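# Residue-level structural notes
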Amino acid sequence: MPEAPTRPSPADATKDELRLTRAVQVPGVGGLAGVVAVIAIVAWSVAGSDFSIERFVTGMPRMGEFLVRLWPPDFGRFGLIVELLIETLQMAVVGTLIGAVLSLFLSFAAASNISPPWLYASSRFVLNVLRSIPELIFALMFVSAVGLGPFAGILALVLGSIGTIGKIYAEAMESVPSGPLDALTSAGASKRQVITYGVVPQASPLLVSYTLLLFEGNVRGATILGLVGAGGIGMELTTAMRLYDYGHLLAIILSIIVLVTVIDRLSAIIRKKIT
Amino acid sequence: MTATAEAGVVRVLQPPASAPTIVARGVRVSYGQTVALDGVDLDARPGEVLALLGHSGSGKSTLMKSFTGMAPATAEELTVAGRDVLAQRGTALRALRADVGHVFQHFNLVPNLSAIANVLTGGLHRAGPYNLVGGFGSTQRREALALLHRVGIGDKARRQARSLSGGEQQRVAIARALMQRPKVILADEPVASLDPRLAGSVLSLLRDIAIEQQIPVIVSLHVVDLARRHADRVVGLRAGRTVFAGPAGALTDGAAREIYGEDGEFGA
């Protein structure tokens, strides 16, 4: 005979049902503690980071002046802008591709349902280190290693990509349903075959979607790397700023906005198609 | 002629069809303090469908797991396809598992692979070096397609598994098990997720396969009537012990009550 589950006493049950039907649902002790904690953290951060609405308001006119000085854009060197934007895009394509492939291999090691504990822990550690270093630092390092230019930028994007996407890939692999994996194992498939025919196919829609998001991010990221001489349009942007070449500066910014918007839209359309 | 002479020798050497593929004597499995199986005996012979009946928790799944070394079992004897299960480790155990086809309640197909790709995964253990670069040879592909035709859905070979109905998915899963060229098929609640009409057709397919391939098919079920209609023999388990063993025809209502207890909600 199946044992009857222990039920709360009838009085408790009615009290609980009464609470469920009230229009205002009072959060529990845990919920209240969470709200208090969030408020405390925000207050602490505002106090520590010198945040001031007053200074923002008084500074507004000067921001307006800056924007007025930018106007009108000067598309006199539009050919150069297009050339540099294409270089930026090419850097993002190569950096994302290599970064995604390396991330994929690293993520097998960083997925708890695939990897033995020692490998899991060490690869998660590598990913955490990579993620905590900003791309600009990688760019500085590679500029001094391989010289100025887009190649240094690509290498920086590769390491940055692994830091951004490796953990997300690993979590996509971990979220794969285990039933089909058990079926493959019980049919005599090896570990490698279970990964190839069970884990990767089930994770692939997520993997493709995350890779496109990574590409969008890398297009934006590649526009900044020129700041330290690692190729792309960033160098021209900084130069224009230093020379107070405001018309040219605005033309560059507008062109970047157009490129990033187009890439984001295209990627959104593809992602919608595959999921 | 030498060819006929050789064929004659082969015939002589073949074991009689009645030699059991699975021999289990006194199988015990315990998880910590909990005894899941307490000395179960079972024989499964080529060409027969053997139904395991019992409540959930009676030990049906554990018994099936013990046949492929997936449960911590001890036994006086536990032989599957001529090999002592308890003595197999590593590669030998993988080879033994490849000889045992599984069919699951929730099909366990890879949902975004095509039907034929799912069938092909049943042959991974013998896919050979070609598979290292991620492909399957055309011999294997022909075999997989033929199996899909055998289970009646050859026209849906290209369809993604998730786009198929439950009954069709279970047929793909059966074709995948056959792709293993199994010496026995274990089906754990294969029709519990299907409506009654599909349940009947899947079970008769399994019965046809047992006869065609001359292998035993062990099916765990929880509906007594399905066991009566589709099995040759029945083993009833209750709390890890055998409480009934005999031909399906001998499974009276009294015997069913013995398996399921007096509260007997044992399905019509």
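Right, let's walk through the structure included here. The numbering scheme is per chain: residues are counted from 1 as the chain's sequence reads. Here every chain gets a letter starting at A, and every ligand a number starting at 1, in the order they are written. Residues qualify for local features only when their pLDDT is at least 70, as the model is predicted, and side-chain atom pairs are given and counted only at 80 or more; totals for whole chains, interfaces and linings, by contrast, use all residues.

## Digging into the overall build of chain B
Looking only at helices and strands, chain B features nine helices and 11 strands. To sort residues by exposure, count the other C-beta atoms lying within 10 Å of each residue's C-beta; 20 or more gives buried, 12 or fewer gives exposed, and values between give partly exposed, all with C-beta atoms placed from the backbone. Within chain B, the proportion of its 268 residues that are buried is 45%. Throughout, a residue-residue contact means that the two C-beta atoms, derived from backbone geometry, are no farther apart than 7 Å. Summarising the internal contacts of chain B: among those between residues at least 6 apart in sequence, 67% fall at separations of at least 24. Here a strand is any run of E in DSSP of at least two residues, a helix any run of H or I of at least four, and the numbering for each starts at the N terminus.

## Comments concerning the overall build of chain A
Broken down by element type, chain A carries 11 helices and zero strands. What the globule rule says is 2.2 Å times the number of residues to the power 0.38, and the radius of gyration is computed from C-alpha atoms. Scaling as 2.2 N^0.38, a compact globule of 275 residues should have a C-alpha radius of gyration of about 19 Å, whereas chain A reaches 26 Å, well beyond that. Projected onto its principal axes, the C-alpha positions of chain A cover 85 × 60 × 35 Å. Here chain A, with 275 residues, has 33% of them falling under the buried criterion.

## Remarks on the interface of chain B and chain A
Taken together, the 22 residues of chain B in the interface contact 17 residues of chain A. It is helix α3 (residues 90–98) of chain B that provides the largest number of residues to the side of chain B that touches chain A, a total of four residues. Of the residues that constitute the side of chain B that touches chain A, the class distribution is eight nonpolar, 11 polar and three charged. Each residue gets one of three labels, nonpolar for Ala, Val, Leu, Ile, Met, Phe, Trp, Tyr, Cys and Pro, charged for Asp, Glu, Lys and Arg, and polar for the others, Gly among them.

## Points about helix α6 (residues 166–179) of chain B
All names here are of chain B. The end-to-end C-alpha distance of α6 is 20 Å, a good match for the 20 Å that 14 residues give at a rise of 1.5 Å each. Of all 14 residues that make up α6, 12 are buried, and the element is covered over most of its length. Those residues of α6 not exposed but buried are Gly167, Gln169, Gln170, Arg171, Val172, Ala173, Ile174, Ala175, Arg176, Ala177, Leu178 and Met179. Remark: Arg181 follows α6 within two positions and exhibits a positive phi of approximately 50°. Helices are assigned an expected span. That span is 1.5 Å times one less than the residue count.

## Things to note about unusual backbone geometry
A negative phi angle characterises most non-glycine residues, just as the trans form characterises most peptide bonds. Following Trp71(A), the chain continues to Pro72(A) via a peptide bond in cis, the omega torsion being -5°. Position of Pro72(A) among the secondary structure elements: in the loop between α3 (53–70) and α4 (78–109). Even without being glycine, Asn108(B) reaches a positive phi, approximately 55°. Looking at where Asn108(B) falls in the secondary structure, it is placed in the loop between β7 (100–103) and α4 (115–120). By C-beta crowding, Asn108(B) is classed as buried, having 23 other C-beta atoms within 10 Å.

## A closer look at the sheet that holds strand β11 (residues 241–247) of chain B
All names here are of chain B. At least two bridges found by DSSP between two strands is the condition for calling them paired. Sheet architecture is open: six strands sit in the order β7-β8-β9-β3-β10-β11, paired in mixed fashion. Lying at the two open borders of the sheet, with one neighbouring strand each, are β7 and β11. Each neighbouring strand pair of the sheet contributes to a mean axis angle of 20°, computed without reference to strand direction. Under this scheme, a helix contributes an axis fitted over its contacting stretch, all axes are lines through C-alpha atoms, and angles between N-to-C directions fall in the 0 to 180 degree range. Where α6 meets the sheet, it contacts β7 and β8 (184–188), and its direction lies at approximately 170° from that of β7. Set on the sheet, helix α7 (residues 196–213) makes contact with β3 (49–53), β8 and β9 (217–221); between it and β9 the angle comes to about 160°.

## Describing the pairing of strand β1 (residues 22–31) of chain B
Residue and element names in this part refer to chain B. Here eight bridges tie β1 to strand β2 (residues 34–44), and the two strands are oriented antiparallel to one another. Note that in β2 the partner of Tyr31 across the bridge is Thr34. Connecting β1 to the next strand, β2, in antiparallel fashion are two residues, including Gly32 with a positive phi near 60°. Sheet topology places β1 next to strand β5 (residues 77–80); four bridges connect them, and they run antiparallel. Paired with Ala24 across the strands is Leu78, a residue of β5. Taken together, the two bridges between β1 and strand β4 (residues 73–74) define a ladder with antiparallel strand orientation.

## A look at helix α10 (residues 234–242) of chain A
All names here are of chain A. Listed in full, the buried residues belonging to α10 are Gly234, Glu236, Leu237 and Ala240. Burial along α10 is one-sided: seen end-on, the buried residues are contained in an arc of 165°. Along its buried surface, α10 packs onto α4, α9 (191–225) and α11 (246–274). Where α10 terminates, the next one or two residues include Tyr244, which has phi positive at roughly 50°. Throughout, the arc means that of the directions going from the helix axis to the C-beta atoms.

## Side note on the packing of helix α7 (residues 150–174) of chain A against α9(A)
All names here are of chain A. Direction vectors running N to C along α7 and α9 enclose 150°, while the axes themselves pass 9 Å from each other. With respect to α9, the axis of α7 lies roughly antiparallel. Crossing geometry of α7 relative to α9 is assigned as right-handed. When α7 is examined against α9, the residues Gly153, Ala156, Leu157, Gly160, Ser161, Thr164, Ile165, Ile168, Tyr169, Ala172 and Met173 are found in contact with a partner set consisting of Val199, Ala203, Leu206, Leu207, Tyr210, Leu214, Gly217, Asn218, Gly221, Ala222 and Leu225. Classifying every residue of the contact of α7 with α9 by side-chain character gives 15 nonpolar, seven polar and no charged. Should an angle lie under 35 degrees it is considered roughly parallel, over 145 roughly antiparallel, and from 65 to 115 roughly perpendicular; all remaining angles are considered oblique. Handedness of a crossing follows from how the near helix is turned relative to the far one, being left-handed for an anticlockwise turn of less than a right angle and right-handed for a clockwise one.

## A short note on the environment of Ser58(B)
All names here are of chain B. Mapped onto the elements, Ser58 comes out in the loop between β3 and α2 (60–67). A C-alpha to C-alpha distance of 5.4 Å links Ser58 and Gly240, two positions 182 residues apart in sequence. Apart from the residues within four sequence positions on either side, Ser58 is in contact with Leu237, Arg238 and Ala239.

Functional significance is not addressed by these values, which are geometric in nature.
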